[in-house]
Amino acid sequence: MLAAVCAVTATSGPALARPPDLSNGTAALTVWQRSVLLHATRQFRDVKNAIAAGYLPTTQCVPGMGLHYVQRSLAADTNIDPTLPDILIYEPVAGAPVRLAALEFFRADADQDLKTDNDRPTLFGIPFNGPMTGHPLPPGQPTMPIHYDLHVWLYQDNPAGELATDNPNVDCK
């Protein structure tokens, strides 16, 4: 029931309509939205639970983000469900297990054209960033498509804002 209430589908709008700039920290989740996400993901604070749920770790830490654990079936799905994040982001911690830092919601761009954005998805009415080119992946991995994404710094404070892409507090060392 909660998933049905929270599910948010892609919105359509005029081509090249730009979302609000989330990097300055002005967009934020409500207390209710934050609580939905926390309730759905708290079990993933233990990375073993994430792996058991099908989240596969990447081997490279992305500066300002961390280690991405991807649930491929969710990332390939076109549904946006706040209770099922596509990617979990963990921060490496020296001498300790990784620590859950953020959630990432991901959608491939339907037409794979950087010049159009009429399929921009939203989460709780907040537009995703993009479209953007795929990021470099390790050799042997399939190429990442042009996509939209939205980071939610739910478990790690981010002075840039809870919906900013990068977090200056996350270090890969």
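Our subject in this report is the structure included herewith. In this text, all values refer to a predicted model and were calculated from it rather than measured experimentally.

Turning next to the pairing of strand S2 (residues 67-70). Looking along a regular strand, one sees side chains alternate from face to face of the sheet. Of the two faces of S2, the one lined by Leu 67 and Tyr 69 and the one lined by His 68 and Val 70 are each fully buried. Direction of pairing for strand S1 (residues 56-57) relative to S2: antiparallel, over a ladder of two bridges. By the bridge assignment for S2, Pro 57 is matched with Tyr 69. Pairing between S2 and strand S3 (residues 87-93): four bridges, direction antiparallel. Across the sheet, His 68 pairs through a bridge with Ile 89, a residue of S3.

Take the state of the cysteines next. Per the counting criterion, the structure on display carries one disulfide. In this model Cys 61 forms its disulfide with Cys 172; the gap between the sulfur atoms is 2.1 Å. Handedness here is read from the sign of the S-S torsion; for Cys 61 and Cys 172, about -75°, the answer is left-handed. Remark: Cys 172 occurs in the segment after strand S8 (147-152) and Cys 61 occurs in the loop between S1 and S2; sequence separation between them is 111 residues. For Cys 61, a relative accessible area of 22% gives the class partly exposed.

Analysis parameters
Residues numbered from 1 in each chain as written. Predicted model: local features only at pLDDT ≥ 70, side-chain atom pairs only at ≥ 80, totals over all residues. Heavy atoms only, no water. Buried < 20%, exposed > 50% of the residue type's maximum accessible area, 1.4 Å probe, protein only. Helix = DSSP H or I, 4+ residues; strand = E, 2+ residues; numbered from the N terminus. Pairing = 2+ DSSP bridges. Disulfide = S-S within 2.5 Å.

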